Amino acid sequence: MPSHLSADRPAPQPPERDAVDALINRTLRLRGDVDAVRRDTVLTDEEDPQLRWQRALCDLAVHHLDDLGAHLGQLREGLPTRTSQHLAEPSVPEDAQGAPERSAWERYDEPKPGSLIGRVGSAEWNLLTDDVSWSEELFQIFGRPLAAGPLSLDELPSMLLPEDQPLLTALVTDCLVDGKPIDGEFRIMRTDGRIRTLHMMGEPVLDPNGCTASMWAVLRDVSELRRSQQAVRRSHDSLRGREHRAQTEHRLAVELQEAVLPPWRGSLRLPSQGPGALDIAAHYLPSESSSLIGGDWYDALEMPDGRTVLTVGDLTGHGIQATSAMAMLLGALRGMAVAGIEPDALMGHLNQLLESSVQPALGSAVCCRLDPSTGTLTWAQAGHPAPLLFRDGVGCPLPAPDGVLLGAASGVAYEQDEVHLLPGDVLVLHTDGLNRHSDRGAGPDALLALAPRFAQARSAQECLRTVVAEFGGTERLDDACVLVARVGA
């Protein structure tokens, strides 16, 4: 029913039909565009909070546009004039098949599938005559038959949930006593037991003397709208929670990695005294997605007998699980190396440790032990790229002894090999994530091509800077470690 906003205000004029048609057409075009985006947002993983949030937003936008189009269509057609004050049923015309033809009200009152707003009803409570006027939609919103008549302001709170009744009382009191407009939401319990959420907007209607004569209000069923908004909020909260957990896990993984990897930066000389010492430099290179902290490691240790152990390795996976497993393996490797266990037996123990871990994983590793007094390098590997030896401007990978991935099989034996290093030789140990996207199939060739530049370098740090300059960009799918050892005179 129309609103009696004020007795001395001019009646509002209906909008131009062409203007409403233009708005409807724009709404339809926009609805089609949003629906296309929604179709593209396919839920391939029901557990992915990001996809659920995107889909919920698209659904909410489409529903809003559907309701906007429906309301504009009603605005164009104009409101029927029939109200609840006329309860006598008029004669109903029949259609061509003899069935009763549905009125405009009945057609409008049928909720549109997927609609978020459902129905909108209006009411007016006359304070002078105690007359109450409800539109037919309002009866349907409340699930109340027309014959039962509308509810007075005193009876209306009985339909509300107990916890919402004080809110309605305050809204009505402020409107009637202080002339404040009504704008609030409350929940009602329909006669069929269904709970609906209503949004009420209204204002006092003044008589010519400026006194409140009645109260007029529009009530809108927003139950589906609020449920859809809650779905968006839940998916958004779930997404934010997952992002927070990922950030926390990333921070813990970084802190654990920094705590476990060697504390030295720059160059390291091992042993610190004597001929044939190794000049060592190492570096960790993150992947293009710096959030993916993996299980890569490098280390260099001086043994009690003066020999030096070099190692690099990589575990499958990313995050705190990979870094914690890396910490476990590296700690075990250090202990066994200090105990004097040979590289081949050491790999066997690491394989058994990883296989019996609570969180099984696969890994690769290489362990080299250099005797500076003889220049003999003894080494073993477990499914890992072989060390690269650079001598006199030429590089080549060392022939690899047999060794399967750590954690891949039980009771396997690992072999070891020996090679004699000369002063000026450069040994490069690296993990397989070093190559860029375009070099994934290149193997060690890109590193071997740096041999002439290594020959001109005067320290391991210079060689390492050459490697980082060549591979230090973020065009890698995985993180990587590289360790350079240069044999001194």
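The present account deals with the structure reproduced in this document. Sequence positions are assigned chain by chain, starting from 1 and proceeding in written order. The predicted nature of this model means local features are confined to residues of pLDDT at least 70 and side-chain atom pairs, given and counted, to a pLDDT of 80 or more, with totals for whole chains, interfaces and linings taken over all residues. Calculation of side-chain values draws on the structure's entire complement of heavy atoms; hydrogens and water are dropped beforehand.

Here's the deal with the packing of helix 6 (residues 223–260) against helix 7 (residues 320–338)
For helices, the fitted axis covers only the stretch in contact; all axes are lines through C-alpha atoms, and the angles between them, taken along N-to-C directions, range from 0 to 180 degrees. In this text, helices come from DSSP runs of H or I with a minimum length of four residues, and strands from runs of E with a minimum of two, each type numbered from the N-terminal end. Packing of helix 6 against helix 7 brings their axes to within 9 Å, and their N-to-C directions diverge by 15 degrees. Overall, the two elements helix 6 and helix 7 adopt an arrangement that is roughly parallel. Judged by the twist between their axes, the crossing of helix 6 over helix 7 is left-handed. In contact with Glu249, Leu252, Ala253, Leu256, Gln257 and Val260 of helix 6, helix 7 contributes Ile320, Thr323, Ser324, Met326, Ala327, Leu330 and Arg334. Under the scheme applied here, ten amino acids are nonpolar (Ala, Val, Leu, Ile, Met, Phe, Trp, Tyr, Cys and Pro), four are charged (Asp, Glu, Lys and Arg), and all others, including Gly, are polar. When the residues that make up the contact of helix 6 with helix 7 are grouped by side-chain class, the tally is eight nonpolar, three polar and two charged. Geometric relationships in this document are graded by angle, where less than 35 degrees denotes roughly parallel, more than 145 denotes roughly antiparallel, 65 to 115 denotes roughly perpendicular, and other angles denote oblique. In this scheme the crossing of two helices becomes right-handed for a clockwise turn of the near helix relative to the far one and left-handed for an anticlockwise turn of less than a right angle. Any two residues whose heavy atoms approach within 4.5 Å at even a single point are treated as in contact.

Details of the pattern of salt bridges
The salt bridge criterion pairs a side-chain nitrogen of Lys or Arg with a carboxyl oxygen of Asp or Glu, the two atoms within 4 Å. Counted according to the given criterion, the structure contains 15 salt bridges. With a closest N to O distance of 2.9 Å, Arg187 and Asp164 form a salt bridge. Of this pair, Arg187 sits in strand 3 (residues 182–189) while Asp164 sits in the loop between helix 4 (136–142) and helix 5 (165–178), placing them 23 residues apart in sequence. Residue burial is assigned from relative accessible area. The probe radius is 1.4 Å, only protein chains are included, and a residue is buried under 20% of its type maximum, exposed over 50%, and partly exposed in between. On the basis of relative accessible area, Asp164 is assigned to the buried category, the value being 11%. Across the salt bridge formed by Glu185 and Arg226, the nearest N and O atoms sit 2.1 Å from each other.

Re the nonpolar core
Formed by 52 residues in total, the largest nonpolar core has its most connected members in Ile280, Trp297, Leu310 and Leu483. Counting residues per element, this core draws most heavily on helix 7, at seven residues. What we call a nonpolar core is a set of buried Ala, Val, Leu, Ile, Met, Phe, Trp, Tyr and Cys residues that are connected through their side-chain atoms within 4.5 Å. In terms of nonpolar packing, the next biggest core, distinct from the first, is built from 25 residues, Trp134, Leu160, Leu168 and Cys175 among them.

Focus on the sheet that holds strand 10 (residues 363–371)
Strand order in the open sheet made by the five strands is 8-9-10-11-14, with antiparallel pairing throughout. Strand pairing shows two members of the sheet lacking a second neighbour, strand 8 (297–302) and strand 14 (416–420), which therefore form its edges. Here the average twist between neighbouring strands, direction ignored, is 15 degrees. In this scheme, strands are said to pair when DSSP sees at least two bridges between them. By the bridge criterion, eight bridges tie strand 9 (residues 308–315) to strand 10 in an arrangement that is antiparallel. By the bridge assignment, Gly313 is partnered in strand 10 with Ala365. Sitting on the sheet, helix 8 (residues 343–355) touches strand 9, strand 10, strand 11 (376–382) and strand 14, and the angle it makes with strand 10 is about 155 degrees.

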